[in-house]
Amino acid sequence: MKYAFIDSMGSLTYNNGIKIQAIMWKEGLESIGEEVTLVNLWENIDFSSFDAVVIFAMGANIYKLVNNLSRINKNIILAPIIDPDRSDKIYRFFFKYYGSTRFALSNHFHDMWTVRDKVKLWIVRSEQEKHYVNYCLGIPQTKIAKVPLNYRIPDTDNISDKESFCLHVSRLDAPNKNVHRLVEAAKKYGFKLKLAGHVFGEKEKKDVLNMIAGYSNIEYLGEVTDDRLLNLYRSAKVFALPSLREGVGMVALEAAVYGCEIVLTNIGAPKEYYEGMAILVNPKSVDEIGCGIMKALTKGFSQPKLKDFVRMHYNSKNCCRLLNDCIKDAIK
């Protein structure tokens, strides 16, 4: 199989989740012998030469992208990446009515609606995302394939003794990551918390530092190297991801592979990946977040069973073979 991958969002940062998902799939497919091109639209590309063109996310130019590509290559595969923060009924309204290509009233939701019949297969990461594609866009179940995301870090059996601290990794200034409530939980319950990840600018960095000022149990690490991140996964007893909106939560999967207990938002799709082996909390409750983390730190919860489960179900080879098979079946 020869694939073309297009990021319709034009990601601005190297650690953007859409870009990471595309690169993970590229590496996974190549490891099983397939060919993948990350398309640079500045270049002249013969799209007819590809067996399938995979488009990631619902970017602002999705209408022109799908409409024009469908004239060259009929095998368009879409990974919409819907992380909903509203009800399915509101999303259905957005998709069906919120815009008009006839009157050039563009909106990426309605643009997607108008080209939905030109997509050969929709690839989703969860049952929640599958429901939104099916109900909101009216796509039949037969044209939707659920392919869970795989973790992207190397396996290891060398798990050292865990240290009694909670780790969180994200874009720390993003409102949906809910870092301020996690910090408030650490202040109230006194557990040791380490924050790692990207912030958008100096102002956002100062905001994070001001938020934790005066609390010696909370440490801001900033962006860390891959090696440092793996060492943090190895040593942390708990990883917390109490997001207000999250599609999968890749960092939590990675932490689970390295033996961390997982404290996870009870909102949305991430919990689907754990089958009851993560402590679920209401992300709007500082007390639920704090009590969940304290429980995981003092009593544990599901490790090492969780580590083995994630390694079996969400490794790159299994997930990318499923991805490849689903696309092959769709374009026969």
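What comes next concerns the included structure. (Residues numbered from 1 in each chain as written. Predicted model: local features only at pLDDT ≥ 70, side-chain atom pairs only at ≥ 80, totals over all residues. Heavy atoms only, no water.)

**Considerations on the state of the cysteines**
Consideration 1: The tally for this structure, following the rule as stated, stands at zero disulfides.
Consideration 2: Cys 320 takes part in no disulfide bond, and the closest cysteine sulfur to it belongs to Cys 319, at a distance of 6.7 Å.
Consideration 3: The cysteine Cys 326 is free of any disulfide, with Cys 319 supplying the nearest cysteine sulfur at 11 Å. (Disulfide = S-S within 2.5 Å.)

**With respect to helix α12 (residues 316-331)**
Consideration 1: Between the first and last C-alpha of α12 there are 23 Å, a value that for 16 residues agrees with the 22 Å anticipated at 1.5 Å per step.
Consideration 2: All of the buried residues along α12 are Cys 319, Cys 320, Leu 323, Asn 324, Cys 326, Ile 327 and Ile 331. Down the axis, α12 shows its buried residues gathered within 160° of arc, on one side only. (Helix = DSSP H or I, 4+ residues; strand = E, 2+ residues; numbered from the N terminus. Expected span 1.5 Å × (residues − 1). Buried < 20%, exposed > 50% of the residue type's maximum accessible area, 1.4 Å probe, protein only. Arc of directions from axis to C-beta.)

**Some details on the packing of helix α1 (residues 17-31) against α12**
Consideration 1: The interhelical angle for the contact between α1 and α12, taken along N-to-C directions, is 90°, at an axis separation of 9 Å. Viewed along their axes, α1 and α12 adopt a mutual orientation that is roughly perpendicular. Contacts between α1 and α12 involve Met 24, Trp 25, Gly 28 and Leu 29 on the former and, on the latter, Ser 316, Cys 320, Leu 323 and Asn 324.
Consideration 2: By residue class, the composition of the contact of α1 with α12 is five nonpolar, three polar and no charged. (Axes fitted to C-alpha atoms, helices over the stretch in contact; angles between N-to-C directions. Parallel < 35°, antiparallel > 145°, perpendicular 65-115°, else oblique. Contact = heavy atoms within 4.5 Å. Nonpolar A, V, L, I, M, F, W, Y, C, P; charged D, E, K, R; others polar.)

**Section: the sheet that holds strand β4 (residues 76-79)**
Consideration 1: One open sheet holds the six strands; their spatial order is β2-β1-β3-β4-β5-β6, and the pairing between them is parallel. If you trace the sheet from one side to the other, it starts and ends with β2 (35-38) and β6 (144-146), each paired once. Pairwise comparison of adjacent strand axes, ignoring direction, gives a mean angle of 25° for this sheet.
Consideration 2: Here three bridges tie strand β5 (residues 121-124) to β6, and the two strands are oriented parallel to one another. Considered in β6, the bridge of Ile 123 is made with Ala 145.
Consideration 3: Packing of helix α2 (residues 62-69) onto the sheet brings it into contact with β1 (2-7), β3 (52-56) and β4, and relative to β3 it is tilted by some 175°.
Consideration 4: Its contacts with the sheet put helix α5 (residues 127-137) on β5 and β6, and the angle it makes with β5 is roughly 145°. (Pairing = 2+ DSSP bridges.)

**Observations concerning the packing of helix α9 (residues 250-257) against helix α11 (residues 305-313)**
Consideration 1: At their nearest, the axes of α9 and α11 sit 8 Å apart, and the two run at 120° to each other. Judged by the angle between their axes, α9 and α11 are oblique. Helix-helix and strand crossings are classified by hand; for α9 and α11 the assignment is left-handed. The residues of α11 that touch α9, namely those facing Leu 253, Ala 256 and Val 257, are Leu 306, Lys 307, Val 310 and Arg 311.
Consideration 2: Of the residues assigned to the contact of α9 with α11, the class counts are five nonpolar, no polar and two charged. (Left-handed = near helix turned anticlockwise from the far one by under 90°.)

**Some words on the packing of aromatic side chains**
Consideration 1: Summed over all chains, the structure comprises 16 aromatic pairs.
Consideration 2: Both rings, one in Phe 93 and one in Phe 94, keep their centres 6.3 Å apart while their planes meet at 55°; by these two values the pair is tilted.
Consideration 3: Classification of Phe 93 as partly exposed rests on a relative accessible area of 44%.
Consideration 4: By relative accessible area, which is 15% here, Phe 94 ends up buried.
Consideration 5: Seen from their ring centres, Phe 95 and Phe 109 are 5.2 Å apart, and the 80° between their planes marks the pair as edge-to-face. Highlighted residues: Phe 95 in helix α3 (residues 88-97) and Phe 109 in helix α4 (residues 108-115), separated in sequence by 14 residues. Each member of the pair, Phe 95 as well as Phe 109, is classed as buried.
Consideration 6: Among the aromatic residues, those joined into a cluster by ring pairs are Tyr 91, Phe 93, Phe 94, Phe 95, Tyr 97, Phe 109 and Tyr 132.
Consideration 7: Its guanidinium or amino end placed over the ring of Phe 165, Lys 194 lies 4.4 Å from that ring's centre, counting from NZ or CZ. (Phe/Tyr/Trp six-rings, centres within 6.5 Å; stacked < 30°, edge-to-face > 60°. Lys NZ or Arg CZ within 6 Å of the ring centre and 35° of its normal.)

**Section: unusual backbone geometry**
Consideration 1: For the bond running from Gln 303 to Pro 304, omega is 5°, close enough to zero to count as cis.
Consideration 2: Position of Pro 304 relative to the elements: it lies in the loop between α10 (286-299) and α11.
Consideration 3: Even without glycine at this site, Ala 57 takes up a positive phi of about 75°.
Consideration 4: Tracing the sequence through the fold places Ala 57 in the loop between β3 and α2.
Consideration 5: Even without a glycine there, the phi angle at Asn 178 is positive, about 65°.

**Observations concerning the environment of Asn 324**
Consideration 1: With respect to the secondary-structure elements, Asn 324 resides in helix α12.
Consideration 2: Through-space distance from the C-alpha of Asn 324 to that of Val 224 is 33 Å; in sequence the pair is 100 residues apart.
Consideration 3: Asn 324 has contacts with Met 1, Tyr 3, Leu 29, Ile 32 and Glu 34, leaving out every residue within four places of it along the chain.

**Side note on the environment of Asn 75**
Consideration 1: Structurally, Asn 75 can be placed in the loop between α2 and β4.
Consideration 2: Residues Asn 75 and Leu 323, 248 residues apart in the sequence, show an inter-C-alpha distance of 15 Å.
Consideration 3: Aside from chain neighbours lying at most four places away, what touches Asn 75 is Asp 51, Ala 52, Val 53, Lys 120 and Ile 331.
Consideration 4: A distance of 2.6 Å separates polar atoms of two side chains, one belonging to Asn 75 and the other to Lys 120. (Polar contact = N/O pair within 3.5 Å; in protein donor to acceptor, adjacent residues only side chain to side chain.)

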